[in-house]
Amino acid sequence: MTVIDLAAWVRAFAALVEENAAELTALDAAIGDADHGTNMQRGMAAAVAALDDSATDAPGEVSKQTALVLIRTIGGASGPLYGTFFLRFAGAIENGSELTDFVRAFRAGLDGVIARGKADVEDKTMVDALSPAADALDKAVAVGATPAEALNAAVAAAESGRDATTPLIARKGRASYLGERSAGHQDPGATSAALLVRAAREALR
């Protein structure tokens, strides 16, 4: 793609997950099953291996392949959620190569996550990072921002959303079982989702 190389995005995300796996697991240990980092490591390693064995570089096909691998290899809720993001992204991006194509596909991926997880902003989930990122991308396109400017804004918004999960009481997922005890902890799903957005910026070309 002109804006985002999908294979480079997946590889960048895998590298960031590897780099931050211990933090993801530590965050999940506080309010979940203490396996988010290891699960994401396993899934992203499998996604990269699938890329290495694949002959396609079509954005939609790369995204669809990644989705199916993540659904199959990441345990817990994260596999279906990240898989749904990439599957919906694949359906919307097809072979688009402009910033507007990426932004539309990112929104489709977010909508898929919301539909699959039945979560919304402030439920203390990955949606808290992805939704503000999608909004920032929409605003950037509306004012004619460059791809770099758009993705910088998306990263800032995703990381702000991630940080804002700390005081929240979880309303979805394993953390919701803790009730008020889930407050005071940064959400691991929002943390990995912010890495996904940062990886998109790194894959900009």
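Given the structure is predicted, the values throughout are model-derived calculations rather than measurements.

A tally of helices and strands in the protein chain yields 8 helices and 0 strands. Counting from the amino terminus, helix and strand elements in the protein chain follow one another as α-α-α-α-α-α-α-α. Against the globule reference of 17 Å for 205 residues, the protein chain gives a C-alpha radius of gyration of 16 Å, in line with a compact fold. Each of the three principal axes of the protein chain carries a C-alpha extent, and together these read 45 × 40 × 30 Å.

This structure, assessed with the given rule, holds 8 salt bridges. As a salt-bridge pair, R162 and D163 come within 2.8 Å of each other at their nearest N and O atoms. On the basis of relative accessible area, R162 is assigned to the buried category, the value being 16%. The class of D163 is partly exposed, set by a relative accessible area of 40%. Through salt bridges with shared partners, a single ionic network connects R107, D135 and D138.

Angle between the axes and distance between the axes: these two values describe a pair of packed helices. Packing of helix α6 (residues 127-142) against helix α8 (residues 188-202) brings their axes to within 7 Å, and their N-to-C directions diverge by 30°. For the pair formed by α6 and α8, the contact residues are A129, L130 and A133 on the first element and A190, A193, A194, L196 and V197 on the second. Of the residues that constitute the contact of α6 with α8, the class distribution is 8 nonpolar, no polar and no charged.

We now examine the packing of aromatic side chains. If you walk through the whole model with that rule in mind, you get 10 aromatic pairs. Taking 6.3 Å as the distance between ring centres and 85° as the angle between the ring planes, the aromatic pair formed by W9 and F85 counts as edge-to-face. Within this pair, whereas W9 is found in helix α1 (residues 6-31), its partner F85 is found in helix α4 (residues 78-93), the two being separated by 76 residues in sequence. Across the pair, F85 and W9 agree in class, each one buried. On the basis of an interplanar angle of 65° and a centroid distance of 5.6 Å, the ring pair of W9 and F102 is categorised as edge-to-face.

Let us now look at unusual backbone geometry. A positive phi is found at A34, a non-glycine position, where the angle reads about 60°. Along the chain, A34 falls in the loop between α1 and α2 (36-53).

This part is about the environment of P132. Mapped onto the elements, P132 comes out in helix α6. The spatial distance from the C-alpha of P132 to the C-alpha of V155 is 9.2 Å, given a sequence separation of 23 residues. Excluding anything up to four places from it in sequence, P132 contacts V127, A157 and G161.

Attention shifts here to the confidence of the model for the protein chain. Per-residue pLDDT for the protein chain has a mean of 94; in total, 99% of the residues score no lower than 70. Looking at the elements of the protein chain, mean pLDDT is at its lowest for helix α3 (residues 59-73), recorded as 95, and at its highest for α6, recorded as 98.

With that settled, consider the side chain of N39. With respect to the element layout, N39 can be found in helix α2. On the accessibility criterion, N39 (8% relative accessible area) is buried. Non-local contacts of N39, meaning those with residues more than four positions away in its chain, are made with I74, G75 and G76.

Okay, the packing of helix α7 (residues 147-164) against α8 next. α8 packs onto α7 with a crossing angle of 170° between their chain directions and a minimal axis gap of 9 Å. Considering the angle they form, α7 stands roughly antiparallel to α8. Here L151, N152, A154, V155, A158, E159 and R162 of α7 come into contact with α8, specifically with A190, T191, A194, V197, R198, A200 and R201. Grouping the constituent residues of the contact of α7 with α8 by class yields 8 nonpolar, 2 polar and 4 charged.

Conventions we followed
- Positions within a chain are numbered from 1, following the residues in the order the chain's sequence is written.
- A pLDDT threshold of at least 70 governs which residues receive local features in this predicted model, and a stricter bar of 80 or more applies before side-chain atom pairs are shown or counted, although totals over entire chains, interfaces and linings include all residues.
- Neither water nor hydrogens contribute to the side-chain values; these are computed over all heavy atoms in the structure.
- Secondary structure elements follow DSSP: runs of H or I of four or more residues count as helices, runs of E of two or more count as strands, with numbering from the N terminus.
- Atoms counted for the radius of gyration: C-alpha only. Globule rule: 2.2 Å times residue count to the power 0.38.
- Salt bridges are counted wherever a side-chain nitrogen of Lys or Arg sits within 4 Å of a carboxyl oxygen of Asp or Glu.
- Throughout, exposure labels follow a simple rule: accessible area from a 1.4 Å probe, protein chains only, divided by the maximum for the residue type, with under 20% read as buried, over 50% as exposed, and the rest as partly exposed.
- As a rule, the C-alpha atoms of each element are fitted with a line to give its axis, helices using only the stretch in contact, and angles between N-to-C directions run from 0 to 180 degrees.
- The contact criterion used is simple: two residues touch if any of their non-hydrogen atoms lie within 4.5 Å.
- Residues are grouped as follows: nonpolar covers Ala, Val, Leu, Ile, Met, Phe, Trp, Tyr, Cys and Pro; charged covers Asp, Glu, Lys and Arg; every other residue, Gly included, is treated as polar.
- Here is the rule: rings of Phe, Tyr and Trp (six-membered ring for Trp) pair when centre to centre is within 6.5 Å. Planes less than 30 degrees apart are stacked, more than 60 are edge-to-face, and the remainder are tilted.
- pLDDT expresses, on a scale from 0 to 100, how confident the predictor is about each individual residue.
- Each angle gets one of four labels, with under 35 degrees taken as roughly parallel, over 145 as roughly antiparallel, 65 to 115 as roughly perpendicular, and the rest as oblique.

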